[in-house]
Amino acid sequence: MNQDKLKQSVAQAAVDYTLTRINGDSIVGIGTGSTANFFIDLLAPHRGKFAGTVASSAASEERLRGHRIPVYELNAVDDVAIYIDGADETNPQLELIKGGGAALTREKIVAAVAREFVCIADQSKWVDHLGVYPLPIEVIPMARSHVARELVKLGGDPVYRQGVITDNGNVILDVYRLHPISPVRDLEEKINNITGVVTNGLFALRPADILLLANEDGVKTITA
């Protein structure tokens, strides 16, 4: 089974799970990326079973609207019942690295609001220790060089992601050579405390509640 088939299978499992957790008044949080795109496409036939969505990126919002699924601003809703999103890496504690699609800040915001955060991924994203995948950092543009110097002090090798501007108007630094990241929460806090950092792609202070992980044998449900 190729990776797209795995992504599709875990997205279908996420749709099935979501339908057990929502009602006609529910708002569903939608993430960003290729696996989230499969989820959006498979959720579309069920759009009458919930009130609408909030999206973590302009790209996901556009895809949702293309399926005639209502999209609301997060400030306009009182509650997000469930948030479905992918990851670049996940460990057994369901701590994540996210931000390959440069939507990490909005993803963190939606995850913070949601009552339940469900991560959907294929087996290639499962690791014992985070950090093989470069860690994305969203940075205020004028602070890019300062932040990079501070990341070097933490042992990282930051690389400017050329030509990428986030939906918030900021830039991305991808940090290599941090593997293994441990303890993850400590590094998340240290990086977020660097002046000029908007946020980083570690999701450990607010990890996933449930991981749906696809492999050749099917989709496993994992809790921390």
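Here, every reference points to the structure presented above.
The structure presented is a predicted model; accordingly, all values stated were derived computationally and were not measured. (Residues numbered from 1 in each chain as written. Predicted model: local features only at pLDDT ≥ 70, side-chain atom pairs only at ≥ 80, totals over all residues. Heavy atoms only, no water.)

**Digging into the overall build of the chain**
Moving on, step 1. A tally of helices and strands in the chain yields six helices and 13 strands.
Moving on, step 2. A globule of 224 residues ought to have a C-alpha radius of gyration of about 17 Å, and the chain, at 17 Å, matches this closely.
Moving on, step 3. Overall size of the chain, expressed as C-alpha extent along the three principal axes, is 50 × 40 × 30 Å.
Moving on, step 4. Going through the 224 residues of the chain one by one, you find that 52% of them count as buried.
Moving on, step 5. For the chain, the share of sequence-separated contacts (at least 6 apart) that also reach a separation of at least 24 residues comes to 74%.
Moving on, step 6. Element-wise, carbon and sulfur atoms account for 48% of the exposed surface of the chain, whose accessible area totals about 10200 Å².
Moving on, step 7. If you average the places of the 22 positive and of the 28 negative side-chain charges in the chain, the two averages end up 2 Å apart. (Helix = DSSP H or I, 4+ residues; strand = E, 2+ residues; numbered from the N terminus. Rg over C-alpha atoms; globule rule 2.2 N^0.38 Å. Buried < 20%, exposed > 50% of the residue type's maximum accessible area, 1.4 Å probe, protein only. Contact = heavy atoms within 4.5 Å. Areas by Shrake-Rupley, 256 points an atom, 1.4 Å probe, with all protein chains shown as cover. Lys, Arg positive; Asp, Glu negative; His and termini not counted. Charge placed at Lys NZ, Arg CZ, Asp CG, Glu CD.)

**Brief notes about the layout of surface pockets**
Moving on, step 1. There is about 270 Å³ of room inside the largest pocket.
Moving on, step 2. Lining the largest pocket are 15 residues, and of these Ala55, Tyr72, Glu73, Leu74 and Arg106 lie nearest its centre.
Moving on, step 3. Contributing elements (two or more residues each) for the lining of the largest pocket: β2 (52–55), α3 (58–66) and α4 (104–113).
Moving on, step 4. Of the residues assigned to the lining of the largest pocket, the class counts are eight nonpolar, three polar and four charged.
Moving on, step 5. Considered as a void within the structure, the second largest pocket measures approximately 200 Å³ in volume.
Moving on, step 6. Ranked by residue count, the leading element in the lining of the second largest pocket is helix α2 (residues 34–43), at three residues. (1 Å grid on protein atoms, 1.4 Å probe; cavity = no way out; pocket = protein on both sides within 12 Å on 5 of 7 lines; lining within 4 Å. Points joined across faces, edges and corners; volume = space filled by probe spheres on them. Nonpolar A, V, L, I, M, F, W, Y, C, P; charged D, E, K, R; others polar.)

**Points about the pairing of β2**
Moving on, step 1. Of the two faces of β2, the one lined by Gly52 and Val54 and the one lined by Thr53 and Ala55 are each fully buried.
Moving on, step 2. One ladder, built from four bridges, connects strand β1 (residues 27–30) with β2; its direction is parallel. Bridging across to β2, Ile27 finds its partner in Gly52.
Moving on, step 3. Following the backbone out of β1, through α2 and into the adjacent parallel β2, one traces a crossover that is right-handed. (Pairing = 2+ DSSP bridges. Right-handed = clockwise from strand over helix to strand, strands pointing away.)

**Some points on the sheet that holds strand β12 (residues 210–215)**
Moving on, step 1. Overall, mixed pairing links the six strands, which are arranged β2-β1-β3-β6-β12-β13 in an open sheet. A strand with exactly one partner marks an edge of an open sheet, and here the two such strands are β2 and β13 (218–223). Neighbour to neighbour, the strand axes of the sheet diverge by 25° on average, direction disregarded.
Moving on, step 2. Sheet analysis places strand β6 (residues 117–122) next to β12, joined by five bridges and oriented parallel. Among the inter-strand pairings, Cys119 is bridged to a residue of β12, identified as Leu211.
Moving on, step 3. Here α2 sits on the sheet in contact with β1, β3 (82–85) and β6, set at roughly 150° to β1.
Moving on, step 4. In this fold α4 packs onto β1, β2, β3 and β6, with an angle of close to 150° to the strand it touches most, β3. (Axes fitted to C-alpha atoms, helices over the stretch in contact; angles between N-to-C directions.)

Geometry only, nothing functional implied.
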